[in-house]
Amino acid sequence: MNSNTAVAGGSGNTFQFLLQELKPRGPWLTPFNVISIPIILAGLVILVIRFIYGLGSVTNLSQEFPWGLWLGFDVVTGVALAGGAYVITFVVYVLRVEKYYPIVRVTVLNGLLAYMFYGGALLFELGRPWHAANPFIGNSFGFSSVLFLICWHFMIYMVAAFVEFSPVIAEWLHWEKTRKFLKSLTLGAVILGVTLSMLHQSGLGAFFLMAKPKVHPLWWSDFLPILFFVSSIYAGLAMIIFEGTISHRVFKDLIGPEHHHSFEDIMLGLAKGAAITMFVYYVFKALLFIHGKQWSLINDGWGYWYLLEVIGFVLVPAFMFAFGFRNRSLNTIRIASVLALLGIILNRLNVSIITFKWYETVHYYPTWQEIVVTLMVIFSEIWFFRWVVTRMPVLNARH
Amino acid sequence: MDRRGFLKSTLIASTAALAGSEAQADETQIPEEMVGVLVDTTRCIGCRACEVACGEQNGLLVPDVLNDGALESHRDTSDKQFMVVNKYETDKGNVFVKKQCMHCYQAGCAAACPTEAMHKNSQGPVTWDGDKCIGCRYCMISCPFDIPKFEYGEWNPKIVKCTLCFDRLEAGKKPACVEACPTDTLMFGSMVKNLEVARHRIYSHPDKYVHQIYGEHEAGGTAYIYLSAVPFDQLGFRTDLGRTPYPEYTREFLYAVPAVLFSVPAFLLGLNALTGNGKSDNEGDRDFDYSDDGEEQ
Ligand code: SF4
Ligand code: SF4
């Protein structure tokens, strides 16, 4: 950090600095912009319609299917994919495995943004969002509700993740003293964040415990919370590998040369972690299957679908991670991470939407509006992410 | 206590807390003041007077009973109707069944609600409070009978479901549907008494009724209970719901939360301290700034 040149001036300077940083940089007509801008605008229009005419005007939600893509993908799946942040902070700050330092900032940023945007998506999925503060204030504490728990955890976790990330912001603003102070909070925030993550990752599984008669028995289990927690670990690891690969390419010139060589080591380590957790998860799934005597369920479409998920998108990528780790093959690891992520998406959607009321003849499928809004959430997150990493010292502390 | 001992006991405490909640709730003793309705489907003639009364009482759809031909299909309750009567063709002829919220003794919807908008009143009715509801529809997911309905076409949607005529009960009256029934199919009263009456009817007419009271055990017991001459699965009832009260399913998880909240941070701190052993001190407070060593004074 070039502390000599710009040790914080007065607040006026900071303000001007911020104004300047708000201006876009680089060319406008990139393929990503050309695709994402119209989608974000269309998504906003759809949301306006949704708030005037009700959820039914733009979604396929119904009395039989109260939760659809917005909840199943944005919230349930999105949060699983954001698991990387708590996994990596646990490894780096609690276990002090130093080689992962270079990816901490970017992973925490990803986690924080995922919670902000996907958690935020909950607001337009709620029927009466103007009451959304109710679980936090007044006399309406639903202590017996898993959703109540999750709402609180989302809020507190966002604060914890923000504290974890805040030294970067302070560094960006050249607030040296503040940065030192914020830095001292990191371990506490990490410990809080890891604990809360354990609880709400598993909480998302507990969401569906009371839906026992409605979720297909191959996917419903008393152990849903544990399954969701364990799979969130490898989801997080796979997400770091996946995003790391992309950021490495896209933001190559931002990453200092001293990190290029450690990049491979980091990826291999992550792959090993992912392989182990995936095997654990797979064995657990298999035990549940055998213990539940579910052989009779395997011989129809749902059974094959289940096998595809558990073998094709858990066991296969687990072996690929292990293979990639052994043979130092980054490409195998990358493909494995994509498969593992698809597996997570499949699993979360299976529990929350696809096998929900599998016995109904007419099933829910999302409208194009629901898909556009989902893409809008993803794209705006990427926009924000891009804005932050091109300005703040996220990918490299020295630039 | 040394560090290892502490770690160990925290671990044991937390696993114990997780395992300890295994115990099932005992057969619950239903308080005398809990009210409910006994539906004797052998008496129902399908006149749908209850449907009309319900619509009028609650300002909802008042069906045109004579002309709407609604009995030809199997309807569900909706955001326009708290209750419906359906016709089922069985071995013993047509049977009419009233469908509405069961007012579960331990209600899944109320346990699911993050704001207590869905609330089990001490007298028995499960009611909804629009000032609290955030519209998450988790009650719809968690109700084993799929009863709560949602107004998808409204900018300020409500959750719609039977209230057991809570306002009328407060005023000392019976639910509107019960009062409207011309055949005594519906009997309003204390849950405990209703169960006794139902059992008595089965004992005194063992050939007339199937020997099951739907709602006695389903989902842990409900305030609405049903008698029938044919097995309940022929009448559109779900018979696979089990006897466990639905809130039980998440109770274990929720009990484990405080244990995790206290023990895991302690465990993590311990772990952090342990891994710090043998390393130089200033690494302990390192954070993102892996590359600015030169700056520390
Ligand atoms: S039937 Fe459904 S809506 Fe009615 S009390 Fe039971 S869980 Fe709640
Ligand atoms: S939709 Fe309303 S009543 Fe139903 S669980 Fe959510 S907050 Fe409670």
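Every value quoted in this text rests on a predicted model; they were computed, and no experiment measured them.

Conventions used here
Residues numbered from 1 in each chain as written. Chains lettered and ligands numbered in written order. Predicted model: local features only at pLDDT ≥ 70, side-chain atom pairs only at ≥ 80, totals over all residues. Heavy atoms only, no water. Helix = DSSP H or I, 4+ residues; strand = E, 2+ residues; numbered from the N terminus. Contact = heavy atoms within 4.5 Å. Areas by Shrake-Rupley, 256 points an atom, 1.4 Å probe, with all protein chains shown as cover. Domains from an automatic or database assignment. Buried area = accessible area lost by both parts, 1.4 Å probe. Salt bridge = Lys/Arg side-chain N within 4 Å of Asp/Glu carboxyl O. Buried < 20%, exposed > 50% of the residue type's maximum accessible area, 1.4 Å probe, protein only. Polar contact = N/O pair within 3.5 Å; in protein donor to acceptor, adjacent residues only side chain to side chain. Near = heavy atom within 4 Å. Nonpolar A, V, L, I, M, F, W, Y, C, P; charged D, E, K, R; others polar.

(A) Fine view of the overall build of chain B. In terms of helices and strands, chain B carries eight helices and nine strands. Taking as baseline every contact in chain B between residues at least 6 positions apart, the subset at least 24 positions apart corresponds to 59%. Taken as a whole, chain B presents about 13,800 Å² of accessible surface, with 52% of it coming from carbon and sulfur.

(B) Structural detail: the domain arrangement of chain B. With domains assigned, chain B is organised as domain 1 (3–26 + 251–275) and domain 2 (31–244). Computed over C-alpha atoms only, the centres of domain 1 of chain B and domain 2 of chain B are separated by 42 Å.

(C) Summary view of the interface of chain A and chain B. At the junction of the two partners, chain A supplies 86 residues and chain B supplies 67 residues. Carbon and sulfur atoms make up 58% of the area that chain A and chain B hide from each other, which totals about 6,600 Å². For the chain A face of the interface with chain B, the top three residues by lost area are A:Arg96, A:Arg128 and A:Met210, together amounting to 14%. Along the contact surface separating chain A from chain B lie three salt bridges. Ionic pairing is found between A:Glu125 and B:Arg137, a salt bridge with its closest N-O pair at 2.8 Å. Counting only elements with at least two residues in the side of chain A that touches chain B, the list comes to α3 (31–53), α5 (84–94), α6 (101–125), α7 (146–172), α8 (176–184) and α9 (186–206) of chain A. Of all the elements, α9(A) adds the most residues to the side of chain A that touches chain B, at eleven residues.

(D) Summary view of the side chain of A:Lys214. With respect to the helices, strands and loops of the structure, A:Lys214 is situated in the loop between α9 and α10 (224–250). Residue class for A:Lys214 comes out buried when judged on its relative accessible area of 0%. Separated by 3.0 Å, the side chain of A:Lys214 and the backbone oxygen of B:Met140 make a polar contact. Setting aside its immediate chain neighbours within four residues, A:Lys214 contacts A:Thr355, A:Phe356, A:Lys357, A:Trp358, A:Tyr359, B:Met140, B:Ile141, B:Ser142, B:Cys143 and B:Asp146.

(E) Quick look at the site of ligand 2. Around ligand 2, the neighbouring residues are B:Cys113, B:Pro114, B:Thr115, B:Ala117, B:Trp128, B:Cys133, B:Ile134, B:Gly135, B:Cys136, B:Arg137, B:Cys139 and B:Ile159. Among the residues forming the shell around ligand 2, the class breakdown is nine nonpolar, two polar and one charged.

(F) Representation of the pattern of salt bridges. Residues and elements named next belong to chain B. Enumeration according to the criterion identifies 22 salt bridges over all chains in this entry. For Arg 48, the salt bridge identified is with Glu 51, shortest N-O distance 3.0 Å. Note on Arg 48: relative accessible area 3%, which makes it buried. When salt bridges that share partners are traced, they join Arg 48, Glu 51, Asp 68 and Arg 75 into one network.

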